[in-house]
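Residues per chain are reported as follows:
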Amino acid sequence: MLLVTGVNGGLGALVLAHLAGREGVVAGSRTPTKVPAGTPARLVDFDRPDTLAEAFDGVRTLLLISAGAAEDDVVIARHGAAIEAAERAGVEHVVYTSLSGDGDHLPYALAHRWTERRLRSSATLSWTVLRNGLYAELLGAIAAPGPDGVITAPLGDGKLAAVARADLAEAAVRVALEPGAHRGRTYELVGERALGGAEVAAALGAEYRPGRLADARTALAASDARDFQVPMVLGTYSAIAHGFLAGPGGPGGPGGPGGPGDLAALLGREPRPALEVIAAGR
């Protein structure tokens, strides 16, 4: 049996769509009544570890989708509870959706690296780590033009190896259905071409005039963003602007060319161009 967590989230919903109609698949959610009809669902609430023993009963492969944005201690507690429950339930293999290796400078990297380390230290679980790059959809959101058609996101001359969320979902399904072939592997799943604000502007028919991080902080603080989300978004802007998210082959300087990861090999085709995803989302 394969259990997929977080199926009501953006990535999890796409994963579940790929698995629709397949026998031996169970959806895990804090709100199982909202799972699409036709897929068996179980209550999985990482904030209530007492729900996990029953949820993981009979599960051989667990596709552990990262348990949402929160402070590090909350995310680590959630992931730790899930892994401990998987060990007790006799789960054989965990596929974990982590963060790309070039994302170590991001404010939310620590919880992902902790989870990877926890899986590697398990005495009973085999594992696969999918180091997902930042979504093309995210880049489209944080570099969206204003009402005047100008993109002011503080990205400088930096670039991001953005990746279509749908491609990450497809890759996760391929691995989760054949976990033995991917045992002990860590995959870097990023875009093939690194993009900056200028490329996004050209694709959207906008103008790019990058602003300052301080101005972005002021705007975010005045928005409905939660307190912990402000440094997360600012850290993402800064890491892109200063050349740290251009992909596994990219140098540390701004505008690095990036380099291919493992996504095309897992998909068996070329990944979706991030600019097409961004343009389609407008």
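The structure displayed is predicted, hence computed values, not measured ones.

Draft legend 1. Geometry of the environment of valine 200. Note on placement: valine 200 falls in helix α7 (residues 197-204). Sequence separation between valine 200 and glycine 21 is 179 residues, and the spatial gap between their C-alpha atoms is 37 Å.

Draft legend 2. Broad picture of the pattern of salt bridges. Going through the model one piece at a time under the given rule, you end up with 16 salt bridges. Residue arginine 269 is joined to glutamate 170 by a salt bridge in which the shortest nitrogen-to-oxygen separation is 2.8 Å. Taken as a pair, arginine 269 in the loop between α10 (263-267) and α11 (274-280) and glutamate 170 in helix α6 (residues 165-177) lie far apart in primary sequence, 99 residues in all.

Draft legend 3. Structural detail: the packing of helix α3 (residues 72-89) against helix α4 (residues 109-120). It is the contact of α3 with α4, at a shortest axis distance of 9 Å, that shows an interaxial angle of 20 degrees. In terms of axis orientation, α3 runs roughly parallel to α4. The hand of the α3/α4 crossing is right-handed. Contacts from Asp72, Val75, Ile76, His79, Gly80, Ile83, Glu84 and Glu87 in α3 reach Leu110, Ala111, Trp114, Thr115, Arg118 and Leu119 in α4. Each residue belonging to the contact of α3 with α4 can be placed in one class, and the counts come to 7 nonpolar, 3 polar and 4 charged.

Draft legend 4. Geometry of the sheet that holds strand β3 (residues 41-43). The parallel open sheet is built from 7 strands, whose spatial order is β3-β2-β1-β4-β5-β6-β8. One side of each edge strand has no neighbouring strand; the edge strands of this open sheet are β3 and β8 (186-189). Strand-to-strand twist of the sheet, defined as the mean angle between neighbouring strand axes without regard to direction, takes the value 20 degrees. Pairing analysis gives 3 bridges linking strand β2 (residues 25-29) to β3, with the strands arranged parallel. What sits directly across from serine 29, in β3, is leucine 43. On top of the sheet, α4 reaches β5 (93-99), β6 (126-132) and β8; it is set at about 155 degrees to β5, its chief contact. On top of the sheet, α6 reaches β1 (2-4), β4 (61-65), β5, β6 and β8; it is set at about 170 degrees to β6, its chief contact.

Draft legend 5. Molecular detail of the environment of arginine 209. Considering the arrangement of structural elements, one finds arginine 209 in the loop between β9 (207-208) and α8 (213-221). Residue class for arginine 209 comes out partly exposed when judged on its relative accessible area of 45%. Linking arginine 209 and threonine 152, residues 57 residues apart in sequence, is a C-alpha distance of 5.1 Å. When neighbours within four sequence positions are excluded, arginine 209 is seen to be in contact with Val150, Ile151 and Thr152.

Draft legend 6. Molecular detail of the nonpolar core. One finds Leu106, Leu134, Leu139, Ile151, Leu155, Leu160 and Leu245 to be the most contacted residues of the largest nonpolar core, which totals 33 residues. In terms of nonpolar packing, the next biggest core, distinct from the first, is built from 27 residues, Leu16, Ile65, Val175 and Tyr187 among them.

Rules of the game
- Residues numbered from 1 in each chain as written.
- Predicted model: local features only at pLDDT ≥ 70, side-chain atom pairs only at ≥ 80, totals over all residues.
- Heavy atoms only, no water.
- Helix = DSSP H or I, 4+ residues; strand = E, 2+ residues; numbered from the N terminus.
- Salt bridge = Lys/Arg side-chain N within 4 Å of Asp/Glu carboxyl O.
- Axes fitted to C-alpha atoms, helices over the stretch in contact; angles between N-to-C directions.
- Parallel < 35°, antiparallel > 145°, perpendicular 65-115°, else oblique.
- Left-handed = near helix turned anticlockwise from the far one by under 90°.
- Contact = heavy atoms within 4.5 Å.
- Nonpolar A, V, L, I, M, F, W, Y, C, P; charged D, E, K, R; others polar.
- Pairing = 2+ DSSP bridges.
- Buried < 20%, exposed > 50% of the residue type's maximum accessible area, 1.4 Å probe, protein only.
- Core = buried A, V, L, I, M, F, W, Y, C linked by side-chain atoms within 4.5 Å.

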